[in-house]
Each structure stands twice: as C-alpha cells, then as structure tokens.
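Structural description and commentary
These are the residues of each chain, in order.
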Amino acid sequence: MFRSRLRAYLLIDPLIVVTTLAFGVASMLASTFDKRGRTQHAIARLWARILLAVSGARIRVEGLEKLEKDAAYVLVANHSSYMDTPVVLLIPLQIRFFAKRGLFRIPLLGGHLRRAGHLPVVRENPRASLKSLTEGARLVRERGVSVVLFPEGGRSPDGLREFKEGAAYLAIKAGVPAVPIGIIGTRQVLPMGSFHVRPHAVTVRIGDPISTEGMKLDARGALSQTLRRKVAELIGEPQ
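Just so you know, these numbers come straight off a predicted model, no measurement behind them.

**Structural notes on the overall build of the protein chain**
Of the regular secondary structure elements, the protein chain holds 8 helices and 7 strands. Over its C-alpha trace the protein chain gives a radius of gyration of 17 Å, about what one expects of a compact globule, namely 18 Å for 239 residues. For the C-alpha atoms alone, the extent of the protein chain along its principal axes is close to 55 × 45 × 35 Å. Across the 239 residues that make up the protein chain, the buried fraction comes to 46%. The long-range fraction of contacts in the protein chain, counting pairs at least 24 apart against all pairs at least 6 apart in sequence, stands at 73%.

This is the structure in structure tokens:
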C-alpha cells in the first residue's frame with residue numbers, strides 16, 4: 001500500500017495535473033476558432049485516453065453497437081468518481097456536459113466552456129436550472145450532439161442514489177432517446193476524497209436507448225425511475 005501511495009503521489013498525480021493543464025490550454029486556444037466545439041471534443045477525448053492510461057485504468061466498453069454514430073442522445077450514468085468523466089468521453093459520440101456554474105465565472109475558462117457547448121448546472125435555483133435544461137435541449141436538437149448527465153446530483157461513495165428528474169426532462173424536451181449507462185470500477189481507481197490513484201479494471205455498460213417519442217413532460221418522473229432501474233441493473237446493484 002505504501003508503494004502504491006508513493007507512486008500515486010509522486011508520479012501519477014503530477015502527470016495527471018500536467019496533462020490536464022496542457023490539454024486545457026490547447027482546448028481553450030481551439031475554442032477561439034471552433035464555435036461548435038468539435039475540435040475541443042477531439043482534444044478532450046485524447047486527454048481522456050492519456051489520463052486513463054497514466055492512471056492504469058483498463059477500460060472495457062460494452063454495448064457500443066446500440067448507439068448510432070451520428071445520432072443524438074441523453075446519456076444517463078451513475079457517478080462515483082472524478083474518473084467517470086474521462087471514461088464517458090471514450091464513447092464515440094459528440095458529447096457535451098453540464099458543469100458547475102462556478103466554473104463558467106472563471107475568466108477564460110468560462111468562455112471556453114460556453115464556446116465548446118457545455119452548459120452550467122444551477123442546483124440551488126430551480127428556475128435557472130430549468131432554463132439551463134431547456135437550453136440543453138435546444139443544443140441537442142440544433143447541433144445534434146449528445147449530453148451526459150449524472151442524475152444522482154453528485155458523486156456517490158457507496159451505492160446508487162435516487163435520480164433527479166433533470167435528465168428525463170432534457171430527453172423528453174429534446175425528443176431524443178435516453179440511454180442508461182453503468183460505470184463499474186472507477187471508485188477503485190480514484191475513491192471520493194482521495195488522491196490515491198490506483199490501477200484497476202473499469203467497465204462501461206451501455207443499455208438499450210429508451211425512446212421519448214410522444215412523451216409529455218409529466219412523464220419525466222416515470223422515465224427517471226426507469227432510467228435508475230436500468231442503470232442499477234447495468235452495474236449489478238440490487239433494486
């Protein structure tokens with residue numbers, strides 16, 4: 001354990017920081033000429049691959065055949081580690097994220113996030129949150145991109161939490177399928193509250209897309225429960 005911690009603190013963590021800074025600068029520069037965010041997304045995918053390789057995470061993605069390459073989806077995943085973000089970026093779709101609103105207030109970074117097509121999450125203000133979700137639905141429809149949401153509202157240290165209804169609302173509003181995704185193993189790579197990165201196998205299981213065609217917004221509660229049940233099945237968690 002001591003050797004593992006020493007390796008993480010003296011080698012892996014510094015490499016992750018340097019890699020993230022370097023690719024962050026490259027992405028910010030790209031955002032000055034690419035207003036649709038495709039170049040930034042390509043940079044983010046390369047960053048994800050390098051970061052996961054440095055971390056020693058061995059990734060297996062199951063169910064890619066269920067997704068159409070040029071289609072748009074709302075991807076709904078469980079969330080137990082900061083490593084979930086680079087893992088999801090390995091899915092070969094044009095992916096955008098909802099990020100904490102505070103990040104959009106940071107000079108340069110905020111403008112970069114907006115130009116790349118990412119959207120702010122305003123958890124403490126329901127009206128602002130609804131506006132952000134509506135903007136996300138417009139982004140999905142007009143640009144044909146997919147959006148990732150972690151509907152537990154934050155990382156979970158020990159199991160699947162209840163889902164908030166924002167992901168279901170967004171999928172219905174955009175009129176695109178909602179896709180349950182189960183991520184297994186990232187908690188072992190990087191646990192909550194720790195900087196101890198450890199090699200471990202990670203599995204990403206993609207469930208069957210759930211059509212929202214013809215759904216009304218008042219069906220979002222039922223859809224949210226269905227998505228939670230499907231994600232629980234994908235990660236092997238008892239109902």
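**Focus on helix 2 (residues 38–55)**
With 18 residues, helix 2 extends 26 Å from end C-alpha to end C-alpha; this agrees with the ideal 26 Å at 1.5 Å per step. By the burial criterion, the buried members of helix 2 are Gln 40, His 41, Ile 43, Trp 47, Ala 48, Leu 51, Leu 52 and Ser 55. Within helix 2, the buried residues cover an arc of 165 degrees as seen down the axis, which keeps them to one side. Gly 56 sits one or two positions beyond helix 2 and adopts a positive phi of about 80 degrees.

**What about a nonpolar patch on the surface?**
On the surface, a cluster of nonpolar side chains totalling about 610 Å² of accessible area is made up of Phe 2, Leu 6, Tyr 9, Leu 10 and Phe 195. In this fold, Leu 10 is placed in helix 1 (residues 2–30). Given the relative accessible area of 62%, Leu 10 is considered exposed.

**A look at the side chain of Asp 34**
In this structure, Asp 34 sits in the loop between helix 1 and helix 2. No salt bridge is formed by the buried Asp 34. Its closest oppositely charged neighbour is Arg 36, at 6.3 Å.

**Digging into the pattern of salt bridges**
On inspection of all chains with the given rule, the structure shows 7 salt bridges. Between Lys 66 and Asp 208 there is a salt bridge whose closest N-O contact spans 3.5 Å. Pair noted here: Lys 66 is in the loop between strand 1 (57–62) and strand 2 (74–77) and Asp 208 is in the loop between strand 7 (200–206) and helix 8 (220–235), with a separation of 142 residues, a long-range link. Look at Lys 66 and you get partly exposed, because its relative accessible area is 31%. Residue classification places Asp 208 among the exposed positions, given a relative accessible area of 52%. Among the charged side chains, a network of salt bridges with common partners joins Arg 60, Glu 62 and Arg 205.

**Some details on the sheet that holds strand 7**
Across the sheet, 7 strands lie side by side as 1-7-6-2-5-3-4; this open sheet has mixed pairing. Here the strands that pair on one side only, and so sit at the sheet edges, are strand 1 and strand 4 (119–121). Each strand of the sheet is rotated relative to its neighbour by a mean of 25 degrees, with strand direction disregarded. Pairing geometry for strand 2 and strand 6 (residues 178–184), over 4 bridges, is parallel. Across the sheet, residue Val 76 finds its bridge partner in strand 6, namely Pro 180.

**Looking at the side chain of Ser 132**
Position of Ser 132 relative to the elements: it lies in helix 5 (residues 126–143). Of the polar contacts made by the side chain of Ser 132, one reaches the backbone oxygen of Pro 120; its length is 2.5 Å. With near-sequence residues (within four places) excluded, Ser 132 lies in contact with Phe 98, Leu 119 and Pro 120.

**Remarks on the packing of aromatic side chains**
Inspection of the entire model under this criterion finds 0 aromatic pairs. The aromatic ring of Tyr 82 is capped on one face by Arg 155, whose charged end is 3.8 Å from the ring centroid.

**What about the nonpolar core?**
In terms of nonpolar packing, the biggest core is built from 34 residues, with Leu 75, Met 83, Val 88, Ile 91, Ile 95 and Ile 181 touching the most fellow members. Where this core is concerned, the elements lending two or more residues are helix 1, helix 2, strand 2, helix 3 (84–88), strand 3 (95–100), strand 6 and strand 7. Looking at which element gives the most residues to this core, the answer is helix 2, with 5 residues. With sequence-adjacent residues up to four places away left out, Met 83 is seen in contact with Ile 16, Leu 51, Leu 52, Ser 55, Thr 186, Val 189, Leu 190 and Val 197. Ranked by size, the runner-up nonpolar core spans 28 residues in total, among them Phe 98, Val 176, Ile 210 and Val 231.

The rules behind each value
- Residues numbered from 1 in each chain as written.
- Predicted model: local features only at pLDDT ≥ 70, side-chain atom pairs only at ≥ 80, totals over all residues.
- Heavy atoms only, no water.
- Helix = DSSP H or I, 4+ residues; strand = E, 2+ residues; numbered from the N terminus.
- Rg over C-alpha atoms; globule rule 2.2 N^0.38 Å.
- Buried < 20%, exposed > 50% of the residue type's maximum accessible area, 1.4 Å probe, protein only.
- Contact = heavy atoms within 4.5 Å.
- Expected span 1.5 Å × (residues − 1).
- Arc of directions from axis to C-beta.
- Patch = residues over 30% accessible without salt bridge, like charges linked within 9 Å, V, L, I, M, F, W, Y side chains within 5 Å.
- Areas by Shrake-Rupley, 256 points an atom, 1.4 Å probe, with all protein chains shown as cover.
- Salt bridge = Lys/Arg side-chain N within 4 Å of Asp/Glu carboxyl O.
- Lys, Arg positive; Asp, Glu negative; His and termini not counted.
- Pairing = 2+ DSSP bridges.
- Axes fitted to C-alpha atoms, helices over the stretch in contact; angles between N-to-C directions.
- Polar contact = N/O pair within 3.5 Å; in protein donor to acceptor, adjacent residues only side chain to side chain.
- Phe/Tyr/Trp six-rings, centres within 6.5 Å; stacked < 30°, edge-to-face > 60°.
- Lys NZ or Arg CZ within 6 Å of the ring centre and 35° of its normal.
- Core = buried A, V, L, I, M, F, W, Y, C linked by side-chain atoms within 4.5 Å.

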